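Summary of structural features
As a plain string of letters, each chain reads:
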Amino acid sequence: MEYKVCKSDELPNNSIKVITVRDSKILVCRSNNQLFAFDNSCPHRGASLSKSEIKETKIVCYMHDFEYDLNSGKLIHIPSKWNEQNPNWTKSDNLLLFQLSEKNGEIFLHI
Ligand code: FES
């Protein structure tokens, strides 16, 4: 299925949008002049990633600072301040990514 997200100029570089598709909140952003879309819920403990900082092609969750790569979705860094935590607590899946396309001045999400 293809869902219209917005017009291209409504999502300039370094901006985000959260949209709801099939009862799921999906974060769509343009960063480093690339488009990304992923589940707004952090795979670690479910914090809203829309409150987090996007650094070019990475996102750092505001809750515990876990860092995910936006191209692969992979968890790439857990801060050393959590080294003493139970390993079960630091477990996290990777980010759930979605595909986007941009055509004729509009952005579409593909699920
Ligand atoms: S909830 Fe996102 S890093 Fe813990």
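What you see is a predicted model, and the numbers here were worked out from it, not measured in a lab.

Some details on the nonpolar core
- Residues Leu27, Val28, Ala37 and Ile59 are the most contacted members of the largest nonpolar core, which totals 19 residues.
- Among the secondary structure elements, those contributing two or more residues to this core are β3 (24-31) and β4 (34-39).
- Tallying contributions element by element places β3 first for this core, with four residues.
- Other than its neighbours up to four places away in sequence, Val28 contacts Val5, Leu11, Ile16, Lys17, Ile19, Ala37, Leu100 and Leu109.

So, the environment of Phe66
- With respect to the helices and strands, the residue Phe66 is situated in the loop between β6 (58-60) and β7 (67-69).
- Along the sequence, Phe66 and Ile78 sit 12 residues apart, while their C-alpha atoms lie 4.9 Å from each other.
- Ignoring any residue separated from it by four or fewer positions in sequence, one finds Phe66 in contact with His44, Cys61, Leu75, Ile78 and Ser92.

Examining the sheet that holds strand β1 (residues 2-7)
- With respect to topology, six strands assemble into an open sheet ordered β1-β10-β9-β4-β3-β2, the strand pairing being antiparallel. Looking along the sheet, the strands with just one partner apiece sit at the ends: β1 and β2 (15-21). Going across the sheet, the axis of each strand differs from the next one's by a mean of 30°, ignoring polarity.

Thresholds, definitions, all that
Residues numbered from 1 in each chain as written. Predicted model: local features only at pLDDT ≥ 70, side-chain atom pairs only at ≥ 80, totals over all residues. Core = buried A, V, L, I, M, F, W, Y, C linked by C-beta atoms within 7 Å. Buried ≥ 20, exposed ≤ 12 C-beta atoms within 10 Å, placed from the backbone. Helix = DSSP H or I, 4+ residues; strand = E, 2+ residues; numbered from the N terminus. Contact = placed C-beta atoms within 7 Å. Pairing = 2+ DSSP bridges. Axes fitted to C-alpha atoms, helices over the stretch in contact; angles between N-to-C directions.

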